[in-house]
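Chain by chain, the residues run as shown.
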Amino acid sequence: MSIDTSRDRSSALSPTDQVARTPAIQTKFPAVGTTIFTVMSGLAAEKGAVNLGQGFPDFDCDPRLVSAVTDAMLRGLNQYPPMTGVPVLREAIAAKVQGLYGHRYDATSEITVTAGATQAILTAILAVVRPGDEVIVLEPCYDSYVPNIELAGGTVVRVPLTPGSFRPDFDKIAAAITPRTRALLINTPHNPSGTVWSEADMRRLQELLAPTDVLLISDEVYEHMVFDGQLHQSAARFPGLAARAFIVSSFGKTYHVTGWKVGYVAAPATLTAEFRKVHQFNVFTVNTPVQYGLAAYMADPQPHLTLPAFYQRKRDLFREGLKATKFRMLAGEGTYFQCVDISGLAVPERDLPEAEFCKWLTSEVGVAAIPLSAFYGNGFDQKVVRFCFAKKDETLNTALGRLARL
Ligand code: PMP
Ligand code: GLN
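A few points on the structure. (Residues numbered from 1 in each chain as written. Chains lettered and ligands numbered in written order. Predicted model: local features only at pLDDT ≥ 70, side-chain atom pairs only at ≥ 80, totals over all residues. Heavy atoms only, no water.)

Focus on the overall build of the protein
Within the protein one finds 17 helices and 13 strands. Since a compact globule built from 406 residues should have a radius of gyration of about 22 Å, the 23 Å found for the protein is in line with a globular shape. For the protein, with 406 residues in total, the buried portion stands at 53%. Within the protein, counting contacts between residues at least 6 apart in sequence, those at least 24 apart form 74% of the total. In the protein, which carries 39 positive and 40 negative side-chain charges, the distance between the mean positions of the two groups comes to 0 Å. (Helix = DSSP H or I, 4+ residues; strand = E, 2+ residues; numbered from the N terminus. Rg over C-alpha atoms; globule rule 2.2 N^0.38 Å. Buried < 20%, exposed > 50% of the residue type's maximum accessible area, 1.4 Å probe, protein only. Contact = heavy atoms within 4.5 Å. Lys, Arg positive; Asp, Glu negative; His and termini not counted. Charge placed at Lys NZ, Arg CZ, Asp CG, Glu CD.)

Here it is in structure tokens:
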């Protein structure tokens, strides 16, 4: 059979092919653009600035961890793992949580390995929040919480942390609880403020929630970055909280591998069962060799036990250098973030909105930062910006040298 090549391509198209068009869709997130972390990292790269904006280390992880993952790959552990996570990793997590916080989670029915904390939080919210349910967030808060609640059809109830100190205001939290409140999201150590909840704070929360059916989603990804001898007050330490909590953590933060995106959720069996119903249709499973590698690496507790001292030294180096500037430092109790008030700077740009100031700082001073306004629904501007000090000493020193003129 001969093929007629005389006709051009357009005339070969049927009338419906010729009107091919992408249907218009109504955005689910009219107010959402690219996250500030991506925007500032892009600007920092473009301007050759030191990137103290987005939170991630600029140093590598322990080569033993890379070897452990490589070994798993070479051993052929490259196919789908169990939906809930590989048993050795779930056992290692359960043992670590028990050792640190005294609560024994059953590795089979109460621990689930996730694709980072971001997926863990979204999946927990999708599992329990129905249209019309209210979910309380404490602002400023991590940027994924609010869109996650909205995706589930929930109503976001924003309660401010105390301005200036960023401490929880339990009277305001209590006043926000209604019969429709399904869950409360907390985050300690806190991104962006660097504050850490005390034992008294957690006891107060336990008392507050005791007479209610409010679930707790406790974002504890910075659990090993608590300084000056303070202890991380995991919800797992408080039976009344643990019984109603999804506790979320992330190996990315603890082991300097933010790009690996592996974390976990610990929750009572009934909550875990609901979590897994969503998880299995959300990601189904999480990277197999990384899970085996993490499990092997966790046999040595030194990496997480030495992390507070490791980051405390960097915090001290960074804070010491900032003393030579007119930035006013806020809390530095935990996380790898340091917030500073810019209102006392001698430059006119101090009067710019925080986001504009951060762009100026990146472009003209050569140091990227994140505006606190990015962590508020209404863009609240308090003249505070966030630096990340999870960087090599030389990176921090270069940044401090540039900031010294402010
Ligand atoms: N919660 C907070 C408070 C964070 O700072 C981060 C870091 N991006 C996450 C959750 C997400 O962690 P992961 O990278 O493991 O998804
Ligand atoms: N958690 C990190 C931060 O707060 C980065 C998160 C992200 O890039 N989405 O900077």
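Here we look at the packing of aromatic side chains
The tally for this structure, following the rule as stated, stands at 20 aromatic pairs. Their ring planes at 80° and their centres at 5.9 Å tell us that Phe170 and Trp197 sit as a pair that is edge-to-face. Residue Phe170 is located in helix H8 (residues 170–176), and its partner Trp197 is located in the loop between strand E5 (181–187) and helix H9 (199–209); the two are separated by 27 residues in the primary sequence. You'll find Phe170 and Trp197 in the same group, each marked buried. (Phe/Tyr/Trp six-rings, centres within 6.5 Å; stacked < 30°, edge-to-face > 60°.)

Quick notes on the site of ligand 2
Lining the immediate surroundings of ligand 2 are Phe37, Gln54, Gly55, Tyr142, Asn191, Tyr222, Lys253, Phe337 and Arg386. One of the side-chain nitrogen or oxygen atoms of Tyr142 is found 3.2 Å away from a nitrogen atom of ligand 2. Interatomic distance of 2.6 Å between a side-chain N/O atom of Arg386 and an oxygen atom of ligand 2. Here the residues of the shell around ligand 2 sort into four nonpolar, three polar and two charged. (Near = heavy atom within 4 Å. Polar contact = N/O pair within 3.5 Å; in protein donor to acceptor, adjacent residues only side chain to side chain. Nonpolar A, V, L, I, M, F, W, Y, C, P; charged D, E, K, R; others polar.)

Thoughts on unusual backbone geometry
Cis peptide bonds are those with omega within 30 degrees of zero, and the linkage from Thr188 to Pro189 qualifies with -15°. Its location among the elements puts Pro189 in the loop between E5 and H9. Residue Pro192 is bonded to the preceding Asn191 through a cis peptide linkage, with omega at 15°. Counting through the fold element by element, Pro192 comes out in the loop between E5 and H9. A positive phi is found at Asp228, a non-glycine position, where the angle reads about 60°. With respect to the element layout, Asp228 can be found in the loop between strand E6 (215–219) and helix H10 (239–242). Despite not being glycine, His256 has its phi angle at roughly 60°, a positive value. Mapping His256 onto the fold places it in the loop between helix H11 (251–254) and strand E8 (263–266).

Details of helix H5 (residues 87–101)
Counted at 1.5 Å a residue, the expected span for H5 with its 15 residues is 21 Å, and the 21 Å between its end C-alpha atoms agrees. Turning to H5, its buried residues number three or more, namely Leu89, Arg90, Ala92, Ile93, Ala94, Lys96, Val97 and Tyr101. Contact partners of the buried residues in H5: strand E2 (111–114), H11, E8, helix H12 (269–282), helix H13 (288–297) and helix H14 (302–305). Just past H5, the residue Gly102 takes up positive phi, approximately 80°. (Expected span 1.5 Å × (residues − 1).)

Comments concerning the nonpolar core
Judged by nonpolar contacts, the single largest core of 68 residues is most densely connected at Phe327 and Phe387. For this core, the element with the highest residue contribution is helix H6 (residues 116–128), accounting for seven residues. Dropping the residues within four chain positions of it, Phe387 is found in contact with Leu52, Phe318, Phe327, Tyr336, Phe337, Gln338, Val340, Leu361, Val367, Ala368, Ala369 and Leu403. Judged by nonpolar contacts, the second largest core, of 49 residues, contains Ala92, Leu184, Ala266 and Tyr297. (Core = buried A, V, L, I, M, F, W, Y, C linked by side-chain atoms within 4.5 Å.)

Thoughts on the pattern of salt bridges
The final tally for this structure, using the stated rule, is 22 salt bridges. Between Asp201 and Arg167 there is a salt bridge, and its shortest N-O distance comes to 3.5 Å. Of this pair, Asp201 sits in helix H9 while Arg167 sits in the loop between strand E4 (155–160) and H8; the two residues are 34 residues apart in sequence, bridging distant segments of the chain. The partner of Lys383 in a salt bridge is Asp381, and the shortest N-O contact between them spans 3.1 Å. By relative accessible area, which is 31% here, Asp381 ends up partly exposed. Through salt bridges with shared partners, a single ionic network connects Asp62, Arg64 and Asp300. (Salt bridge = Lys/Arg side-chain N within 4 Å of Asp/Glu carboxyl O.)

Digging into the site of ligand 1
All residues adjacent to ligand 1 are Gly116, Ala117, Thr118, Tyr142, Asn187, Asn191, Asp219, Val221, Tyr222, Ser250, Lys253 and Lys261. In this structure, Asp219 approaches ligand 1 through a side-chain N or O atom, which is 2.6 Å from a nitrogen atom. The side chain of Ser250 places a nitrogen or oxygen atom 2.6 Å from an oxygen atom of ligand 1. If ligand 1 stood free it would expose 400 Å²; the protein chains cover 93% of that surface. When residues of the shell around ligand 1 are assigned to their parent elements, the largest contribution, three residues, is made by H6. (Areas by Shrake-Rupley, 256 points an atom, 1.4 Å probe, with all protein chains shown as cover.)

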